[in-house]
Protein chains: 2
Amino acid sequence: MSRVIKVGGAQLGPIQRAESKESAVARMVALMEQAHREGCTFVVFPELALTTFFPRYYVEDPTEFAKFYEREMPNPVTRPLFEKSAEYGIGFYLGFAELAEEDGKTRHFNSSVLVDQSGRVVGKYRKVHLPGHGEFDPERSFQHLEKYYFEPGDYGFPVWRSMDGIFGMCLCNDRRWPETYRVMALQGVEFIALGYNTPSVNSQRPEERGDERIFHSDLTVQAGAYQNATFVAAIAKAGNEDGNPLIGGSIIVHPSGRVLARAETEEDELITAVCDLDDTIFYKQTIFDFARHRRPEHYTRIVEQTGVILPD
Amino acid sequence: MSRVIKVGGAQLGPIQRAESKESAVARMVALMEQAHREGCTFVVFPELALTTFFPRYYVEDPTEFAKFYEREMPNPVTRPLFEKSAEYGIGFYLGFAELAEEDGKTRHFNSSVLVDQSGRVVGKYRKVHLPGHGEFDPERSFQHLEKYYFEPGDYGFPVWRSMDGIFGMCLCNDRRWPETYRVMALQGVEFIALGYNTPSVNSQRPEERGDERIFHSDLTVQAGAYQNATFVAAIAKAGNEDGNPLIGGSIIVHPSGRVLARAETEEDELITAVCDLDDTIFYKQTIFDFARHRRPEHYTRIVEQTGVILPD
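Residues numbered from 1 in each chain as written. Chains lettered and ligands numbered in written order. Predicted model: local features only at pLDDT ≥ 70, side-chain atom pairs only at ≥ 80, totals over all residues. Heavy atoms only, no water.

### Side note on the overall build of chain A
If you tally the helices and strands in chain A, you get eight helices and 15 strands. For 312 residues, the compact-globule estimate of 2.2 N^0.38 gives 20 Å, and the C-alpha radius of gyration of chain A, at 19 Å, lies within 12% of that figure. Counting all 312 residues of chain A, 65% fall into the buried class. Here the contacts in chain A between residues at least 6 apart in sequence split such that 69% fall between residues at least 24 apart. Taken as a whole, chain A presents about 10800 Å² of accessible surface, with 48% of it coming from carbon and sulfur. (Helix = DSSP H or I, 4+ residues; strand = E, 2+ residues; numbered from the N terminus. Rg over C-alpha atoms; globule rule 2.2 N^0.38 Å. Buried < 20%, exposed > 50% of the residue type's maximum accessible area, 1.4 Å probe, protein only. Contact = heavy atoms within 4.5 Å. Areas by Shrake-Rupley, 256 points an atom, 1.4 Å probe, with all protein chains shown as cover.)

### What to know about the relation of the copies chain B and chain A
Least-squares fitting of chain B to chain A yields an RMSD of 0.0 Å, with the superposition described by an axial translation of 0.0 Å and a rotation of 180°. Both copies of the chain, as the preceding transformation shows, are related through a two-fold rotation axis. When the interface residues of chain B are mapped onto chain A, 100% of them again fall at the interface, so both copies present the same face. (Least-squares fit on C-alpha atoms with pLDDT ≥ 70 in both.)

### Observations regarding the sheet that holds strand E7 (residues 159-162) of chain B
Residue and element names in this part refer to chain B. As summarised here, the arrangement of the six strands in space is E7-E8-E9-E10-E13-E14, forming an open sheet in which the pairing is mixed. Each of the sheet's edge strands pairs with one partner strand only, and the pair in question is E7 and strand E14 (259-262). Going across the sheet, the axis of each strand differs from the next one's by a mean of 20°, ignoring polarity. For strand E13 (residues 251-253) and E14, the ladder comprises three bridges, and the chain directions are antiparallel. Looking across to E14, one finds that Val-253 is bridged to Val-259. (Pairing = 2+ DSSP bridges. Axes fitted to C-alpha atoms, helices over the stretch in contact; angles between N-to-C directions.)

### Quick notes on helix H1 (residues 21-37) of chain A
Residues and elements named next belong to chain A. Taking 1.5 Å as the rise per residue, H1 with 17 residues should run 24 Å; its terminal C-alpha atoms sit 24 Å apart, in good agreement. Within H1, the full set of buried residues consists of Lys-21, Ala-24, Val-25, Arg-27, Met-28, Val-29, Leu-31, Met-32 and Ala-35. Where H1 is buried, its residues contact strand E1 (4-11), strand E2 (42-44), strand E3 (69-70), helix H2 (79-88), strand E4 (91-102) and strand E15 (269-276). Following H1 by one or two positions, Gly-39 has its phi on the positive side, about 85°. (Expected span 1.5 Å × (residues − 1).)

### As for unusual backbone geometry
Put simply, A:Met73 and A:Pro74 share a cis peptide bond, and its omega is 0°. Of note, A:Pro74 is situated in the loop between E3 and H2.

### Things to note about helix H4 (residues 178-185) of chain B
Burial analysis of H4(B) places eight of its eight residues in the buried class, which makes it a mostly covered element. Taken residue by residue, H4(B) has B:Pro178, B:Glu179, B:Thr180, B:Tyr181, B:Arg182, B:Val183, B:Met184 and B:Ala185 as its buried positions.

### Regarding the packing of helix H4 (residues 178-185) of chain A against helix H5 (residues 210-228) of chain A
Residues and elements named next belong to chain A. Running from N to C, H4 and H5 point in directions that differ by 30°, and their axes come no closer than 10 Å. On the basis of the axis angle, H4 is roughly parallel to H5. The handedness of the crossing between H4 and H5 is right-handed. Of the residues in H5, those in contact with Tyr-181, Arg-182 and Ala-185 of H4 are Thr-220, Val-221, Gly-224, Gln-227 and Asn-228. (Parallel < 35°, antiparallel > 145°, perpendicular 65-115°, else oblique. Left-handed = near helix turned anticlockwise from the far one by under 90°.)

### Structural notes on the packing of aromatic side chains
Residue and element names in this part refer to chain B. Under the criterion given, the structure shown has 46 aromatic pairs over all chains. Ring geometry for Tyr-69 against Phe-150: centres 6.0 Å apart, planes inclined by 70°, an arrangement best described as edge-to-face. With Tyr-69 in strand E3 (residues 69-70) and Phe-150 in the loop between helix H3 (146-149) and E7, this residue pair connects regions lying 81 residues apart in the sequence. Exposure remark for Tyr-69: the relative accessible area of 7% places this residue in the buried category. Judged by its relative accessible area of 5%, Phe-150 falls in the buried class. The ring centre of Tyr-57 lies 4.3 Å from the NZ or CZ of Arg-17, which sits over that ring. Directly above the ring of Tyr-196 sits Arg-175, whose terminal nitrogen or CZ lies 4.2 Å from the centroid. (Phe/Tyr/Trp six-rings, centres within 6.5 Å; stacked < 30°, edge-to-face > 60°. Lys NZ or Arg CZ within 6 Å of the ring centre and 35° of its normal.)

### Structural notes on the pairing of strand E7 (residues 159-162) of chain A
Residues and elements named next belong to chain A. Bridge count between E7 and strand E8 (residues 165-171): four bridges; the pairing is antiparallel. Residue pairing in the sheet places Val-159 in a bridge with Gly-168 of E8. Here E7 folds back onto E8, and the loop between the two strands holds two residues, one of which, Met-163, carries a positive phi near 50°.

### Some thoughts on the sheet that holds strand E13 (residues 251-253) of chain A
Residue and element names in this part refer to chain A. Sheet architecture is open: six strands sit in the order E7-E8-E9-E10-E13-E14, paired in mixed fashion. Only two strands of the sheet have a single neighbouring strand rather than two, namely E7 and strand E14 (259-262). Taking the axes of each pair of neighbouring strands and ignoring which way they run, one obtains an average angle of 20° across the sheet. As paired elements, strand E10 (residues 231-236) and E13 share three bridges and run antiparallel to each other.

### What to know about the confidence of the model for chain A
Per-residue confidence for chain A gives a mean pLDDT of 96, with 100% of residues at or over 70. With a pTM of 0.98, the predicted complex shows an ipTM of 0.97. (pLDDT = per-residue confidence, 0-100.)

In structure tokens:
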């Protein structure tokens with residue numbers, strides 16, 4: 001059985017604050033049509049793909065931002081994507097802001113869904129590693145209020161059998177944390193879909209610019225792929241959103257760690273790569289055969305402590 | 001207080017099987033003298049720096065290899081290194097094969113020592129992640145019998161306060177495992193010394209050659225440095241040992257993940273980099289502030305299972 005999938009990485013250019021979700025979805029549908037013409041069977045869209053990256057704005061009453069969140073997925077606004085998915089037989093990954101009513105509480109997550117080639121949601125992920133801060137920070141050149149707008153995800157890092165492979169998801173800052181990939185690799189993950197929005201400037205160190213930010217993005221994604229013998233598609237929302245630049249640099253990475261495809265622009269752009277999921281096997285059975293080589297008895301600090309405990 | 005150290009990475013060219021340990025030590029003393037002339041205060045030598053990489057040879061009676069192991073450190077053969085260390089005020093890291101009599105048993109480890117600027121051993125490390133195999137494998141183009149010649153290390157990944165910083169150690173294949181760096185980073189590590197011997201050819205896949213092997217070495221070391229906000233000096237024994245080529249590619253890496261210095265040859269070669277241990281602080285206090293951002297409740301698989309557990 002061939003397990004070759006042609007993957008489309010559907011980078012989005014900027015979504016201005018005034019742009020409607022319907023407009024963003026129309027742009028994504030156009031990218032999915034292009035993916036279909038190019039023979040793709042799976043497409044990865046960015047994190048928070050329906051709106052501007054609103055955590056950069058501080059608003060005292062978060063309910064003012066209710067319009068940024070989705071109460072269900074699919075919903076009337078995003079349904080065209082799911083219909084195209086079923087029509088073309090293209091699975092996809094989509095990042096969005098989730099508002100959930102659970103246990104009698106209103107909860108907010110930075111989430112994504114995995115959709116199979118019949119347009120059916122097979123899994124949902126809620127971002128675990130929220131970067132930034134939870135309160136307005138006057139010291140920063142701009143805000144990064146993910147800890148204000150979202151709770152940390154409560155699902156961990158599940159994987160799903162779908163489309164003849166084992167798929168996992170994560171979001172943006174998750175890619176910098178090796179635990180993200182490892183927990184999925186311990187479940188045999190073969191393909192990780194990952195959307196991101198990364199400012200081109202470090203809000204706490206203005207001299208750190210776009211090329212260094214892309215270097216860090218590449219480094220963590222490529223290492224995550226290699227060390228865990230998995231494909232990773234890391235897809236950006238890029239470009240200048242109302243004066244706030246985001247890096248592009250979307251990439252699709254082989255389990256060897258090599259970049260198979262890379263976005264050249266900061267606009268809506270489809271990159272593609274042929275991914276044979278069987279290419280993960282050699283690494284999983286040799287140098288990264290976890291059962292033979294890992295030594296969890298020496299890893300206990302990774303779960304037994306959160307922060308640093310300095311030596312005496 | 002300045003915490004700037006000038007680090008020397010003392011790559012070694014090949015050590016043929018017939019070469020004596022005294023000769024290898026003399027080569028290392030020459031590199032330490034060069035490091036002294038260039039103003040270094042810390043030098044990193046490779047893994048198994050006193051001998052050829054003997055795990056490539058299968059011998060049924062391991063006692064025949066007793067001469068490759070050290071029963072104490074320092075010992076008469078290595079004493080010149082420790083004397084130079086004290087004379088010059090240069091700390092160092094040295095990899096060697098260790099034979100220990102413990103609990104009434106003879107034990108063998110792939111080990112390293114950390115030596116401070118007075119020539120005193122402040123710590124010992126025993127390699128945790130032994131690659132390769134434990135029995136002769138006729139399918140391989142050459143052997144990689146580390147699991148035959150050594151037990152896995154039993155110390156975990158401790159760190160040491162020394163030379164005004166927090167130092168950690170690991171060895172070769174440890175660098176490919178993100179847990180290695182993470183356990184040390186959870187103890188505040190600022191500088192990791194790492195020696196390696198990496199064959200230039202994958203014994204199970206001949207088409208994987210030196211440039212890909214160096215790419216993987218770089219990728220894992222640079223990601224380990226960045227994701228853990230630490231300096232890493234990864235120093236090779238390189239070149240052709242009795243017909244068996246080893247990659248070079250020794251590097252010293254900044255906590256930004258950037259390579260500060262890189263070896264150009266596969267011979268005895270000193271590379272140097274000025275390392276300000278305070279450069280770790282920005283990353284440790286912002287994007288990699290573990291106490292604020294890590295979510296160990298979702299990492300439990302990392303310690304609760306060794307191998308892969310596939311989903312239903």
